[in-house]
Amino acid sequence: MAWILLVVAGLLEVAWSIGMKYTDGFTRLVPSLFTGAGIVASMLLLSYAARSLPIGTAYGVWVGIGAAGAAVLGMVVLGEPVTAARIFFVCLLLVAVVGLKATGGH
């Protein structure tokens, strides 16, 4: 169950990081509320997952999902540059996330 919570927390991190783009520096109410709720929910789920997972593994996987997801959505949704180097490094992030899960002991 901890891994499911952690993956959901990571996906929420992707959502709130992309959501920040739409808050206009937290000057727009509705996007700001959704982004804030995503931040809180993501952190809560991370903390629940960290009860039974090693914190280094939990935090690393959470950050990896968030960073990779934000980078991919930035390219797909926000029109950020798509380069071979960016794709390569996103793949490296995903390999690291899988490696942390594989060696996490749970």
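One can find the structure itself at the top, above this paragraph.
Residues numbered from 1 in each chain as written. Predicted model: local features only at pLDDT ≥ 70, side-chain atom pairs only at ≥ 80, totals over all residues. Heavy atoms only, no water.

## Re the environment of Phe-26
And step 1. With respect to the helices and strands, Phe-26 occurs in the loop between α1 (2-23) and α2 (29-49).
And step 2. Take Phe-26: its relative accessible area is 46%, and that puts it in the partly exposed class.
And step 3. Between the alpha carbons of Phe-26 and Gly-36 there is a distance of 9.4 Å; along the sequence they are ten residues apart.
And step 4. Beyond its immediate sequence surroundings of up to four residues, Phe-26 is in contact with Met-20, Ser-32 and Thr-35. (Helix = DSSP H or I, 4+ residues; strand = E, 2+ residues; numbered from the N terminus. Buried < 20%, exposed > 50% of the residue type's maximum accessible area, 1.4 Å probe, protein only. Contact = heavy atoms within 4.5 Å.)

## Points about the side chain of Ser-42
And step 1. Within the fold, Ser-42 resides in helix α2.
And step 2. Overall, Ser-42 belongs to the buried group, its relative accessible area being 0%.
And step 3. Those residues within four positions of Ser-42 in sequence are excluded, and the remaining contacts are Ala-9, Leu-12, Glu-13, Trp-16 and Trp-62.

## Details of the packing of helix α3 (residues 55-76) against helix α4 (residues 84-102)
And step 1. Two elements in contact, α3 and α4, have axes whose closest approach is 9 Å; the angle formed by their N-to-C orientations is 155 degrees. The pairing of α3 with α4 is recorded here as roughly antiparallel in orientation. In this structure, α3 crosses over α4, and the sense of that crossing is left-handed. Taken together, the residues of α4 that come into contact with α3 (itself represented by Thr-57, Gly-60, Val-61, Gly-64, Ile-65, Ala-67, Ala-68, Ala-71, Val-72 and Met-75) are Arg-86, Val-90, Leu-93, Leu-94, Val-97, Leu-100 and Lys-101.
And step 2. Considered class by class, the residues forming the contact of α3 with α4 number twelve nonpolar, three polar and two charged. (Axes fitted to C-alpha atoms, helices over the stretch in contact; angles between N-to-C directions. Parallel < 35°, antiparallel > 145°, perpendicular 65-115°, else oblique. Left-handed = near helix turned anticlockwise from the far one by under 90°. Nonpolar A, V, L, I, M, F, W, Y, C, P; charged D, E, K, R; others polar.)

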